[in-house]
Amino acid sequence: MNVLIVEDEKALARELEIFLSGNNFLCETCYDGVSASEKIATNQYDFILIDLGLPDYDGLDLLKEAKRDNPEAACIILTARAEVNDRITGLDMGADDYLPKPFSLMELQSRMQAILRRKFGLKHHLVHLGNFVVNLTDRHISYNNTIISAVTKKEFDLIAYMILHKNRTLTRPQLSEHIWGSVVNDDYDSNYIDAHIKNIRKKLNVYESPEWLETVRGLGYRINL
Amino acid sequence: MKLQTKLTLFNAVSKLVIVLLFVALLPTLIQNINRNYTDNRLRKQQDKVIQTVRKNGIKYYITNDEGYGSYTLLKEEYVSMDIVPFHDRLDTIRNERRIVEGDTIQYRILSHTFVIGKKNYLLEIGKSVSTIAETSGPLQSLAFEVLLGMILLTILADLFYSNYVLRPLGQIIKTKLVGAKFPHFKKYEKVQTSTSDFEYLDSSINRMMETIESTFQKEREFISNASHELMTPISILQSKIENMFSIEEVSDEQKIRLLEMQRILNRLKSITKTLLLISQIENEQFIREDTVLVTDLLNEVYEEISIRLQEKNLTFEIDVPFHVHLVKVNKFLLFNLFFNLVNNAIKYNVESGSIKITGRREKNNLIIAISDTGIGIKQEQLPHIFNRFKKFRQSMQQDSFGLGLPIVKSITEFHHIRVTVLSEEKVGSTFELNFPEEIIEG
């Protein structure tokens, strides 16, 4: 998968590149709009990540060019300015997703995977964890074809997010950012992630011990697949 | 009381007092005028009689030393002449009673002595006083009526004129001050007036409002820009930390330190996000077009937050016994509003305490109260709890940076919801939200 990263903040562009490369994406990076415009016109990409706040170019113009020259590419807008109007304009102009800064790389990956599933018809919606089956589309966990209804929305969000980042330790801040998302509150540290995990374990233990859900001491949690 | 009413009232009262004073003095005045007039007339008649007497000779009037007397038919005036002793000298005008044909009549009598042919004569010319009094009564009531009419006329004139002159002041108050949403002022429209004081007042108010607005604007812009600018470096740091986590050579010990960094970064991010949210609300960047069912919203908040209730073994009860929709609101913000209030109720609660959300209708408004059995707020802290960064360390178990309630305040102001707080130390707090009629349906 080819990704074009258009980001004038070199440090951020570099981190994006490291992360995406580590996840088997082939990355190219542009630090300004003019060179990005050239690359879009000459190459084909699977993903184009566009920072709207470019110093020399209107990000929305670049998006227009991308849709014209690179119709197969999935465009994700990255920006510090996340006003509703910007978002609407971006999405109306054909952007596939919109990520306000600061975003988590994990979230970016999740969104890219979601776009892949949606856009490229990849079906990974059934995930087997021991004798449990997680249905990512219908959003439920079942055991021997019995749906475990006790699992709440939040708990499912946690499991699904950990499945997308399987075999990786996810820290509490990473999990909580994903789980709480847009809700703004003034707690920056709380052990409610532990409480959620404890509840998940308790609910699944009724059927079978979820050995695949591992606590990484001092760091966070991981789903081993 | 309005200035115009005050002025009109003052004018009316002062005029009425003057008129009453005048009317009260009128009898005396008229009496004086009448007396002077009568006296003058009597003097003239005296001159006339004496001239006639000198012309015709006294004998024409007095023969055989008998007095002369003449009454008109109406007994209102009489002339008499008599011989009096030589040493009697008189020249007076005074009121006296006389009996004429059985009637006692009050007369104004001029008594004047004159000498003709070594004899002293007394001339008396009398005018009935009743005729004088008779004119005074109608004159008085006429004066009163005319004055009353004039007063009403002048009050009306005053009213119209003050209304005309003070209209610009009313306009300034109505358009610039009453209902002006602080600090969002309307576009400046000059008030039409020829009164220089009002022109000055209008332009001064406008200048002050512009200063205030630009200061507020600058503050909002600064917060917004600063928050935006902070997002990129935070983003870089966050990505760097996340990438370091995935490096295999990094030991668990180092990862724990990275985790600490991530926590601090999260705190920074949370503060920045909160400031940005508040500045966005204050800049009216949110759209109020959602319709939400109150009970649904509260249940959503409960679902989101229930895990925290378990940590403290708290009981939670929602008692909103009716179906009420909130219209033209921003659901995301209202969710944040309730989330923060319930989150606070949890944070400052005691172990095994309770939280209760109750709803009641008051007239056309809806009041939702969030009560907890927590540690309460000190009375002296109550006025400051909505202040940004005014932090009270009431609970050491949980850490926060005191922006939950400023979020609450911004959201309530954005939706014109009135929020009141009742709190008693060691008993608990109740936050009451009073939703205005215009956003309630059902």
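Here is what the cut-offs are and how they apply
- Residues numbered from 1 in each chain as written.
- Chains lettered and ligands numbered in written order.
- Predicted model: local features only at pLDDT ≥ 70, side-chain atom pairs only at ≥ 80, totals over all residues.
- Heavy atoms only, no water.
- UniProt positions renumbered as here; feature names shortened; annotations may be inferred.
- Helix = DSSP H or I, 4+ residues; strand = E, 2+ residues; numbered from the N terminus.
- Contact = heavy atoms within 4.5 Å.
- Buried area = accessible area lost by both parts, 1.4 Å probe.
- Salt bridge = Lys/Arg side-chain N within 4 Å of Asp/Glu carboxyl O.
- Polar contact = N/O pair within 3.5 Å; in protein donor to acceptor, adjacent residues only side chain to side chain.
- Nonpolar A, V, L, I, M, F, W, Y, C, P; charged D, E, K, R; others polar.
- Pairing = 2+ DSSP bridges.
- Axes fitted to C-alpha atoms, helices over the stretch in contact; angles between N-to-C directions.
- pLDDT = per-residue confidence, 0-100.
- Phe/Tyr/Trp six-rings, centres within 6.5 Å; stacked < 30°, edge-to-face > 60°.
- Buried < 20%, exposed > 50% of the residue type's maximum accessible area, 1.4 Å probe, protein only.
- Lys NZ or Arg CZ within 6 Å of the ring centre and 35° of its normal.
- Arc of directions from axis to C-beta.
- Parallel < 35°, antiparallel > 145°, perpendicular 65-115°, else oblique.
- Left-handed = near helix turned anticlockwise from the far one by under 90°.
- Core = buried A, V, L, I, M, F, W, Y, C linked by side-chain atoms within 4.5 Å.

1. Here we look at the UniProt feature "transmembrane region" (unreviewed entry) in chain B
Item 1. Annotation from UniProt places "transmembrane region" (unreviewed entry) at residues 12-30 of chain B.
Item 2. Counted over residues 12-30 of chain B, helix gives 100% and strand 0%. Its end C-alpha atoms are 26 Å apart.

2. A few points about the interface of chain A and chain B
Item 1. Tallying the contact residues gives 45 residues for chain A and 51 residues for chain B.
Item 2. When chain A packs against chain B, close to 4,400 Å² is buried across both sides, 53% of that on carbon and sulfur atoms.
Item 3. Our count for the contact surface shared by chain A and chain B stands at two salt bridges.
Item 4. Residue A:K154 is joined to B:E304 by a salt bridge in which the shortest nitrogen-to-oxygen separation is 2.9 Å.
Item 5. Run the count over chain A and chain B and you get eight residue pairs in polar contact (both at pLDDT 80 or more).
Item 6. Among the elements that line the side of chain A that touches chain B, the one with the most residues is helix α7 (residues 172-180) of chain A, at seven residues.
Item 7. Across the side of chain A that touches chain B, the residue classes tally to 20 nonpolar, 12 polar and 13 charged.

3. Notes on the sheet that holds strand β12 (residues 220-223) of chain A
Residues and elements named next belong to chain A.
Item 1. The three strands are arranged β10-β12-β11 in an open sheet whose pairing can be described as antiparallel. Whereas interior strands pair on both sides, the edge strands pair on one side only; in this sheet they are β10 (170-171) and β11 (213-216).
Item 2. In this structure, β10 lies alongside β12, joined through two bridges in antiparallel fashion. Each bridged residue has a counterpart across the sheet, and for L170 the counterpart in β12 is Y221.
Item 3. Set on the sheet, helix α8 (residues 192-205) makes contact with β11 and β12; between it and β11 the angle comes to about 150 degrees.

4. Some words on the confidence of the model for chain B
Item 1. In this model, chain B carries a mean pLDDT of 84, and residues with pLDDT of at least 70 account for 93%.
Item 2. For this predicted complex, the interface confidence reaches an ipTM of 0.70, while the overall pTM sits at 0.65.

5. Here we look at the packing of aromatic side chains
Item 1. As enumerated under the stated definition, the model contains 13 aromatic pairs over all chains in all.
Item 2. Both rings, one in B:Y78 and one in B:Y107, keep their centres 5.3 Å apart while their planes meet at 85 degrees; by these two values the pair is edge-to-face. A residue pair is termed long-range when its members are at least 10 positions apart, and B:Y78 in strand β2 (residues 77-83) and B:Y107 in strand β4 (residues 103-116) qualify at 29 residues. Each member of the pair, B:Y78 as well as B:Y107, carries the same accessibility label: buried.
Item 3. By the ring-pair criterion, three or more aromatic residues cluster together here, those being A:F132, A:Y143, A:Y207 and A:W212.
Item 4. Across from the ring centre of A:Y31, 5.3 Å away, lies the NZ or CZ of A:K10, which sits over that ring.
Item 5. Taking NZ or CZ as reference, B:R288 lies 4.3 Å from the ring centre of B:F414, over its face.

6. Quick notes on helix α2 (residues 33-42) of chain A
Residues and elements named next belong to chain A.
Item 1. Where α2 is concerned, the buried positions are G33, A36, S37 and I40. One side of α2 holds all its buried residues, which, seen down the axis, span an arc of 100 degrees. Those residues of α2 that are exposed and angled more than 90 degrees off the buried face are E38 and T42.
Item 2. N-capping of α2 is provided by D32, with a side-chain oxygen placed 3.3 Å from the backbone N of V34.

7. Details of the pairing of strand β8 (residues 325-329) of chain B
All names here are of chain B.
Item 1. Alignment of strand β6 (residues 290-293) against β8, held across three bridges, turns out to be antiparallel. The residue of β8 that forms the bridge with D290 is V329.
Item 2. Judged from the two bridges that link them, β8 and strand β13 (residues 440-441) form a sheet pairing that is antiparallel. Paired with L326 across the two strands is I440, which belongs to β13.

8. Brief notes about the sheet that holds β2(B)
Residues and elements named next belong to chain B.
Item 1. Sheet architecture is open: five strands sit in the order β1-β2-β5-β4-β3, paired in antiparallel fashion. Of all the strands in the sheet, the pair left with one neighbour each is β1 (68-71) and β3 (91-100). Direction aside, the axes of adjacent strands within the sheet are offset by 25 degrees on average.
Item 2. Direction of pairing for β1 relative to β2: antiparallel, over a ladder of four bridges. Residue pairing for β2: Y68 is matched across the bridge by M81.
Item 3. Packed onto the sheet, helix α1 (residues 3-56) meets β2, β3, β4 and β5 (119-128) and runs at close to 45 degrees relative to β4.

9. Describing the packing of helix α1 (residues 10-22) of chain A against helix α3 (residues 196-245) of chain B
Item 1. Direction vectors running N to C along α1(A) and α3(B) enclose 30 degrees, while the axes themselves pass 9 Å from each other. Between α1(A) and α3(B), the angle falls in the class roughly parallel. Crossing handedness for the pair α1(A) and α3(B): left-handed. Facing α1(A), whose interface residues are A:A11, A:L12, A:E15, A:I18 and A:F19, α3(B) presents B:S235, B:I236, B:S239, B:K240 and B:N243.
Item 2. Within the contact of α1(A) with α3(B), the residues separate by chemical class into five nonpolar, three polar and two charged.

10. Describing unusual backbone geometry
Note: most peptide bonds trans; most residues except glycine with negative phi.
Residue and element names in this part refer to chain A.
Item 1. Along the chain, K101 connects to P102 via a cis peptide bond; the corresponding omega equals -5 degrees.
Item 2. Among the structural elements, P102 can be located in the loop between β5 (97-100) and α5 (105-119).
Item 3. Its identity is not glycine, yet N145 carries a phi of approximately 65 degrees, on the positive side.
Item 4. Relative to the elements of secondary structure, N145 occurs in the loop between β8 (140-143) and β9 (146-147).
Item 5. For N145, a relative accessible area of 79% puts it in the exposed group.

11. Looking at the nonpolar core
Item 1. Grouped together as the largest cluster of nonpolar side chains are 50 residues, with contacts concentrated most on B:L326, B:F338, B:F431, B:L433 and B:F435.
Item 2. If sequence neighbours within four positions are ignored, B:L433 has contacts with B:L337, B:F338, B:L341, B:L366, B:I367, B:I368, B:I370, B:T412, B:I417, B:R418 and B:V419.
Item 3. Core analysis: the second largest hydrophobic core is formed by 30 residues, A:I141, A:Y143, A:F156 and A:L175 among them.

12. Some remarks on the UniProt feature "modified residue: 4-aspartylphosphate" (unreviewed entry) in chain A
All names here are of chain A.
Item 1. The UniProt record marks D51 with the feature "modified residue: 4-aspartylphosphate" (unreviewed entry), using the residue numbering of this structure.
Item 2. As for its placement among the helices and strands, D51 is situated in strand β3 (residues 47-51).
Item 3. The exposure class of D51 is buried, given its relative accessible area of 3%.

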